[in-house]
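Inside the fold
The chain contents come next:
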Amino acid sequence: MSLKLNTRDVDGVMVITVAGRITLGEGSSDIRDKVHELAANGTKKILLNLSDVTYIDSSGIGELVAGYTTMAGAGGTLKLVGLTNRVKDLLQITKLYTVFDVHEDEAHAVRSF
Amino acid sequence: MKTKLTPCAASEQNALRPCFPVMPDSAVLLVETADNPGRPETFSLSGGEVVIGRRTGVDLLLTHPLVSRRHARIVREEQAGGPVFVIIDLESSHGTWVNDARVDRHVLRPGDRISLGRNGIELRFADGTESQTGARTGPGLLQEAEIERAARRLADVLPEASDDIHSELEKISCLLDFHYYFGKAFSAEKTFQHILKSALGISGAERAFILRKQQGGFAYALGLDHTGNLLGESEFQTSGSVVDRVAGGGQPVFMTQGIHGELAGSESIVAMNLRAVACLPLEALSQESDVAVVTGILYLDSRKHMHSLSGLDEKLLTRLAGEAGHVLEKLEMVVTLAEQRRIEQELAIAEQTQRSLLPLSLPQAEPFRIRAFSRATRQLGGDFYDFIGVQSGELTGLLADVSGKGIPAALLSSLTLGALNMEFRSGRPSGEVLSGVNKLLCGKTPAHRFVTLFLFQLGADGRGHYISAGHNPAYLFRGAAGHVEELPSGSLPLGMFPFTSYQPTPLEVAPGDLLVVYSDGLTEAENGAKEEFGEERLRGIICEAAPRGAEYLESRLLSELDAFTQGAAQTDDITFVLIENRA
C-alpha cells in the first residue's frame, strides 16, 4: 500500500494528511472510506492536506470528488490544502478548481471553516 | 539443500530451455548440479540476452537457495575484436562469482566458472564446441504416449531399478514444462495416476492417495488401489492422525512393519484395521521464498504388511515424493495458465463487443480529412471516440476518457457511449445532450467514477463549436500562422455533479488547420526512465508534421511515440482524433 493517511483534530477540523500516490489500485479508495467513516461519525469539517502526495491520476481525482460529494451529502464541507503542481494542473484541466475550496497553508485553511 | 532446475529437471536428454536446440556456433552455459553430476545441462546463449534467476519469467530458471529471483544477466556485446558475452550481476543477495572472484560485470571467456552465490550453483561458460552433449532436442518432442509407456515400464521394473523411476518422473516433469511453456492442455488426473502407480509399485501397499493442499487443510485429489482401480472420494478414508503429523512437521512417516507408538491407538487406524502406513510430504520450493512448502501428501496404507522396506526403498519413496512435489508445483502453473487462457478468451469477446461500439469506418465529411487512433492498455479500454451523423452537413465528433482502467472503465465507457447516442437522436443542442448524459451518469455511477470528454461540431465552412467536459486541452494547428493553439476545458467532467452545465465555445477549423483531440494517455506515455512524452513534445511534432496533413501527422505521432517509449509498458489508454480542413 503506497498511500498513508494520518488524521488529527485541529480546532474542530479533522485534518487528513495524505502521503504517497493517489492512483488506481494503490489504496486510493482509502480516502473515500476515511471520509465516509468520519462523516458517519458526525464530522462536518474535513481538510485534506495533500502536500505529501507524490503522484495523482484521474482515479485519484475521482477519490477527491467522492470525498467532496460525501461531505456535501452529509451537510458538511471538505476543503483542500497543500496542492502540488501536479494536483493543481489536474484540478485546473478538469475545472474542479471551481468546485473545491483550495488553500495555500493549513492554519489559514482551518480558520476558513 | 534443495537444488532444482526448471524447466526440465536433470534429465539426460534436454537443454534447459524447452525446444531450443543448441547452435553449434554459439556460446553455451553448462549447468551441473547434484542431480546430474558429470552430465551437465546445456543452455544456449544464442537467444541474445539471458536473465538467470529463481523466479518464473527469467530465461534460465535455477531453483537454489543462494540464487536470487533475478540474479544475473548475460548479454552479447559487439566489441572491436568481435562479439563477447558479458555477465552482469543484478544486485543479487549472494553475489555472482567468476572463477572464485565476486564480479559486478565480467567479460566471459571459455572455461570460466560462474557461481551464483559463493559455492552456490555453478555454471560453466563454454563456446559451442563443448556443447555436443547438449545438441539435442528439448522436451517438446516428448509426447503423452511416451509417458504412458514410461509408466508401464515403471510397473515392470519396480522396485529393483531405482534409477528409472527417477528418470521417468523427470520425463513427466519435462512434459509439464512443455505444457507450461507452450500452453497445451494437460490432465492433472493422469499425472497423479502415474505418481500413485509408482508409489504402489515401490511400496507394495494396497491403496495410495494423493492429497492436495486447499484452504483449511489437505483434501482428496486422487486414489488408486494395487490392482489399478481408481478409488473415488467416497472411498477416501485415511488415517487423519498420520496425515496431520506429516502436514504439520513436513517429515515422512514410515510404519511398514506394523503400527506402533502413539499412532497404534489412533481411532482411525484401529477402525480401518491398518497394519502399515507410509505418508510423505510432497514439497516444492515456493516462488516467493526459499522455504520448501508442503503442497501435497502422498499417503499409502495396507491391511497387510507392505514390502519390507529397506533403507534404500524408503529413500526411493522419498525421492519419488520429492519429484512428485515438483510435478505438483508445475501442474499448478499449468492449471493457472489454463484459467488465464479462459479469462483471456472472455476478455477477447468483451473486447470485440466494445470495438463494435466504436465507428467501423471514419466518416466522409468534406472538406475534412479525419484520422482516429485508439490503443488500450489492457484488452478493454476506457477511451473511446465516435462520430455522430447530424443533419445539415455538420460533422460531430467526440473523444472521451473514462476514469480507471480495464473492465470497470470499459463498462462505464459503454454506458456513456450508449447514452450519448440516445441523447443525440433527440436532436437537441450538444450542450443539452451533455447535460442529459451527465445527469444519467451521476445517477448510475458513484462520484469517483467519471468521464472527461471533448466534443466538437463543425459545419462544412469549418465553423462550429466545441465543449470540453474536464478534458485535457485539445490542440488546434493554425496552418496560416504555423502555430498551435490550446482549447482548454470550460466545464466539469461528466458523472461528477448532476447540475453542471455545458456551454459551447466557438471553434473554427479553417482551411489548412488541423484539430488534434487526444487522451492524456498520449502525453503521459512513459519511457523506461519514467519520463513522460509530454505536451511540449506533442506540440513540437504537431507544428512540424501538421502542414503535411492528417495521415502524415498520425504516422509521425505513432513512430515518435514508439521511439520514445522504446517498448516500455503502456500505462494508460492512448487515443487521438485528427481533423484536417483540406478546403
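Located above this text is the structure these notes cover.
Bear in mind the structure is a predicted one, so any value in this text is a computation, not a measurement. (Residues numbered from 1 in each chain as written. Chains lettered and ligands numbered in written order. Predicted model: local features only at pLDDT ≥ 70, side-chain atom pairs only at ≥ 80, totals over all residues. Heavy atoms only, no water.)

**Considerations on the overall build of chain B**
- What chain B contains, in helices and strands, is 11 helices and 28 strands.
- The proportion of buried residues among the 583 residues of chain B is 53%.
- A fraction of 63% describes how many contacts in chain B between residues 6 or more apart in sequence connect residues 24 or more apart. (Helix = DSSP H or I, 4+ residues; strand = E, 2+ residues; numbered from the N terminus. Buried < 20%, exposed > 50% of the residue type's maximum accessible area, 1.4 Å probe, protein only. Contact = heavy atoms within 4.5 Å.)

**Some thoughts on helix H10 (residues 535–545) of chain B**
Residue and element names in this part refer to chain B.
- Turning to H10, its buried residues number three or more, namely Leu-538, Ile-541, Ile-542 and Ala-545. Around the axis of H10, the buried residues are gathered within 100 degrees of arc, so they sit on the same side.
- On the buried face of H10, the contacting elements are strand E24 (474–478), strand E25 (483–487), strand E27 (514–518), helix H9 (520–523) and helix H11 (550–565). (Arc of directions from axis to C-beta.)

**Considering the sheet that holds strand E1 (residues 3–10) of chain A**
Residue and element names in this part refer to chain A.
- One open sheet accounts for 5 strands, arranged E1-E2-E3-E4-E5; its pairing is mixed. Of all the strands in the sheet, just E1 and strand E5 (101–103) have a single pairing partner and so form its edges. On average, each strand axis in the sheet is inclined to that of its neighbour by 25 degrees, with strand direction left out of account.
- Judged from the 8 bridges that link them, E1 and strand E2 (residues 13–22) form a sheet pairing that is antiparallel. Counterpart to Val-10 in the pairing with E2 is Val-13.
- Against the sheet, helix H1 (residues 29–40) makes contact with E1, E2, strand E3 (45–56) and strand E4 (77–81), and its axis sits at roughly 25 degrees relative to E1, the strand it touches most.
- Contacting E2, E3 and E4, helix H2 (residues 58–73) runs over the sheet at an angle of about 180 degrees to E3. (Pairing = 2+ DSSP bridges. Axes fitted to C-alpha atoms, helices over the stretch in contact; angles between N-to-C directions.)

**Some remarks on the interface of chain B and chain A**
- At the junction of the two partners, chain B supplies 19 residues and chain A supplies 20 residues.
- Both sides of the chain B and chain A interface together cover about 1400 Å² of buried area, and 66% of this is carbon and sulfur.
- If you sort the residues of chain B by the area they bury against chain A, B:His448, B:Leu492 and B:Phe497 come out on top, with a joint share of 33%.
- Counting every contact that joins chain B to chain A gives 2 salt bridges.
- With a shortest N-O distance of 3.8 Å, B:Glu532 and A:Arg86 are connected by a salt bridge.
- Remark: the boundary between chain B and chain A carries 2 residue pairs in polar contact (both at pLDDT 80 or more). (Buried area = accessible area lost by both parts, 1.4 Å probe. Salt bridge = Lys/Arg side-chain N within 4 Å of Asp/Glu carboxyl O. Polar contact = N/O pair within 3.5 Å; in protein donor to acceptor, adjacent residues only side chain to side chain.)

**A closer look at the pattern of salt bridges**
- Summed over all chains, the structure comprises 23 salt bridges over all chains.
- Linking A:Glu106 and A:Arg8 is a salt bridge whose minimum nitrogen-to-oxygen distance equals 3.0 Å. Taken together, the positions of A:Glu106 in helix H4 (residues 106–111) and A:Arg8 in strand E1 put the pair 98 residues apart, joining distant regions of the chain.
- A salt bridge links B:Glu551 to B:Arg369; its shortest N-O distance comes to 2.8 Å. Residue B:Glu551 is located in helix H11, and its partner B:Arg369 is located in strand E19 (residues 368–375); the two are separated by 182 residues in the primary sequence.
- Given the relative accessible area of 34%, B:Glu551 is considered partly exposed.
- Relative accessible area serves as the criterion here: at 30%, B:Arg369 is assigned to the partly exposed category.

**Points about the environment of A:Ser51**
All names here are of chain A.
- Structurally, Ser-51 is set in strand E3.
- Note: C-alpha distance between Ser-51 and Ala-19 (32 residues apart in sequence) is 7.6 Å.
- Every residue in contact with Ser-51, bar those within four places of it in the chain, is listed here: Val-81, Gly-82 and Thr-84.
- In terms of polar contacts, Ser-51 uses its side chain to reach the side chain of Asn-49, at 2.6 Å.

**Some details on the nonpolar core**
- B:Ile297, B:Leu298, B:Tyr299 and B:Leu317 are the most contacted members of the largest nonpolar core, which totals 41 residues.
- Among the elements of the structure, helix H3 (188–203), strand E13 (207–214), strand E14 (217–225), helix H4 (240–249), strand E16 (253–255), strand E17 (276–285), strand E18 (292–302) and helix H6 (311–355) of chain B are those that each provide at least two residues to this core.
- If we skip the residues at most four places from it in the chain, B:Ile297 touches B:Phe209, B:Ile210, B:Leu211, B:Phe218, B:Val243, B:Val246, B:Ala247, B:Cys279, B:Leu280 and B:Leu282.
- Counting residues in each nonpolar core, the second largest holds 33 residues, with A:Leu48, A:Leu50, A:Ala66 and A:Val87 among its members. (Core = buried A, V, L, I, M, F, W, Y, C linked by side-chain atoms within 4.5 Å.)

**Focus: the packing of helix H7 (residues 406–425) of chain B against helix H8 (residues 430–444) of chain B**
All names here are of chain B.
- At a minimum axis separation of 9 Å, H7 and H8 run at an interaxial angle of 140 degrees. By the criterion of interaxial angle, the relationship of H7 to H8 is oblique. Relative to H8, the crossing made by H7 is right-handed. The segment H7 lies against H8, with Leu-412, Leu-415, Thr-416, Ala-419, Leu-420, Glu-423 and Phe-424 engaging Ser-430, Val-433, Leu-434, Gly-436, Val-437, Leu-440, Leu-441 and Lys-444.
- Within the contact of H7 with H8, the residues separate by chemical class into 10 nonpolar, 3 polar and 2 charged. (Parallel < 35°, antiparallel > 145°, perpendicular 65-115°, else oblique. Left-handed = near helix turned anticlockwise from the far one by under 90°. Nonpolar A, V, L, I, M, F, W, Y, C, P; charged D, E, K, R; others polar.)

**Things to note about the packing of aromatic side chains**
- Tallied over the full model, the rule gives 9 aromatic pairs over all chains.
- Between B:Phe373 and B:Phe576, the ring centres sit 5.3 Å apart and the planes meet at 25 degrees, which makes this aromatic pair stacked. With B:Phe373 in strand E19 and B:Phe576 in strand E28 (residues 574–581), this pair connects stretches of sequence that are 203 residues apart. Judged on exposure class, the residue B:Phe373 and its partner B:Phe576 are both buried.
- Between B:Phe454 and B:Tyr466, the aromatic rings sit 5.0 Å apart at their centres with planes inclined by 10 degrees, giving stacked as the arrangement. With B:Phe454 in strand E22 (residues 451–458) and B:Tyr466 in strand E23 (residues 463–469), the pair connects residues that are 12 residues apart, well separated along the chain. Like B:Phe454, the residue B:Tyr466 is buried in the burial classification.
- An aromatic cluster is built from A:Tyr68, A:Phe100 and B:Phe497, whose rings are joined through pairwise contacts. (Phe/Tyr/Trp six-rings, centres within 6.5 Å; stacked < 30°, edge-to-face > 60°.)

**Regarding the sheet that holds E19(B)**
All names here are of chain B.
- One open sheet holds the 5 strands; their spatial order is E19-E28-E27-E24-E25, and the pairing between them is antiparallel. The open sheet has two free edges, formed respectively by E19 and E25, since each of these has just one partner strand. Averaged over all neighbouring strand pairs, the angle between strand axes comes to 15 degrees, with direction disregarded.
- Taken together, the 5 bridges between E24 and E25 define a ladder with antiparallel strand orientation. From the neighbouring strand, Ala-474 faces E25, where its bridge partner is Leu-487.
- This element, H10, spans E24, E25 and E27 of the sheet and lies at about 30 degrees to E24.
- Where H11 meets the sheet, it contacts E19, E27 and E28, and its direction lies at approximately 20 degrees from that of E19.

**Details of unusual backbone geometry**
- Each neighbour pair has its own omega, and for B:Glu366 with B:Pro367 the value is 10 degrees, a cis peptide bond.
- With respect to the helices and strands, the residue B:Pro367 is situated in the loop between H6 and E19.
- Here A:Asp11, not a glycine, exhibits a phi torsion of approximately 50 degrees, which is positive.
- Within the secondary structure layout, A:Asp11 lies in the loop between E1 and E2.
- Although it is not a glycine, B:Lys530 sits at a positive phi angle of roughly 65 degrees.
- By the secondary structure assignment, B:Lys530 is in the loop between H9 and H10.
- For B:Lys530, a relative accessible area of 60% puts it in the exposed group.

**A word on the side chain of B:Arg556**
Residues and elements named next belong to chain B.
- By the element assignment, Arg-556 lies in helix H11.
- Here Arg-556 falls in the buried class, since its relative accessible area comes to 13%.
- When near neighbours in sequence (up to four residues on either side) are disregarded, Arg-556 contacts Ile-541, Glu-544 and Ala-545.

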